[in-house]
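Residue strings, one per chain:
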Amino acid sequence: MKTLEKEDVSVDTIQELLDEKFKDNEIDEDNDLAIHVDGVHLYVMVDEDKSVIRFNTRWQAADTLSENRAARIMNVWNNSKMFSTAYFWKTDEKNIIMLDFYITFEGGINEVNLNDSLKWFLGSTLEFNDRLKDEDAI
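Notes on the structure follow. (Residues numbered from 1 in each chain as written. Predicted model: local features only at pLDDT ≥ 70, side-chain atom pairs only at ≥ 80, totals over all residues. Heavy atoms only, no water.)

A short note on the overall build of the chain
Each helix and strand counted, the chain has three helices and eight strands in total. Helices and strands in the chain line up, N terminus first, as β-α-β-β-β-β-α-β-β-β-α. Within the chain, the fraction of its 138 residues that count as buried is 42%. Taking contacts inside the chain between residues at least 6 apart in sequence as the whole, the part at least 24 apart equals 58%. Split by element, the accessible area of the chain, about 7800 Å² in all, is 44% carbon and sulfur. Side-chain charges of the chain comprise 15 positive and 30 negative groups, with the mean position of each set lying 5 Å from the other. (Helix = DSSP H or I, 4+ residues; strand = E, 2+ residues; numbered from the N terminus. Buried < 20%, exposed > 50% of the residue type's maximum accessible area, 1.4 Å probe, protein only. Contact = heavy atoms within 4.5 Å. Areas by Shrake-Rupley, 256 points an atom, 1.4 Å probe, with all protein chains shown as cover. Lys, Arg positive; Asp, Glu negative; His and termini not counted. Charge placed at Lys NZ, Arg CZ, Asp CG, Glu CD.)

And the structure:
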């Protein structure tokens, strides 16, 4: 089993470790690994210090979603979940809902822990996606 040491971790080397389930992917213009699976897009990013890997999913918020209602939805999620964090991000052009999950890789990362973490995050993403649809937030 291949293990990446801290200095070798990048979106390129992570891409090589992905299971078949996550093979529909590309490195986008921001140098994020974008994975397309089960109707959602998961993004994988490595911070500059190479101390954490960030998994992220984003949705365009519904035009009818107020900041107060978005805050309530995010707070309910964040108060009931231990590892992922939901955010509402308002810009001049659009409103974005994000879900984040971080993993550390001190001691290295291998195919098993990477893919297991991605499967866990995918499950959380699909659950959150359903909740956002139920709330008419997306």
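Moving on from the model shown.
Examining unusual backbone geometry
Phi is positive for Lys 50, close to 55°, though the residue is something other than glycine. With respect to the helices and strands, the residue Lys 50 is situated in the loop between β4 (40–46) and β5 (52–60). Judged by relative accessible area, which is 25%, Lys 50 ranks as partly exposed. Here Asp 136, not a glycine, exhibits a phi torsion of approximately 55°, which is positive.

Description of helix α2 (residues 67–80)
Since the α-helix turns once every 3.6 residues, residues separated by three or four places project in the same direction. Its 14 residues place the ends of α2 20 Å apart at the C-alpha level, agreeing with the 20 Å of an ideal helix rising 1.5 Å per residue. Buried residues along α2 sit against β6 (85–90), β7 (95–104) and α3 (111–134). (Expected span 1.5 Å × (residues − 1).)

Section: a nonpolar patch on the surface
On the surface, Met 82, Phe 83 and Trp 120 cluster together into a nonpolar patch covering about 380 Å² of accessible area. Among the secondary structure elements, Met 82 is positioned in the loop between α2 and β6. (Patch = residues over 30% accessible without salt bridge, like charges linked within 9 Å, V, L, I, M, F, W, Y side chains within 5 Å. Salt bridge = Lys/Arg side-chain N within 4 Å of Asp/Glu carboxyl O.)

Quick word on the pairing of β5
Of the strand pairs in this sheet, β4 and β5 are connected by four bridges, and their pairing is antiparallel. Bridging across to β5, Met 45 finds its partner in Arg 54. Taking the residues between adjacent antiparallel strands as the criterion, β4 and β5 are bridged by five residues, where Lys 50 takes a positive phi near 55°. Note that β5 and β7 share nine bridges and pair antiparallel. The residue of β7 that forms the bridge with Arg 58 is Met 98. (Pairing = 2+ DSSP bridges.)

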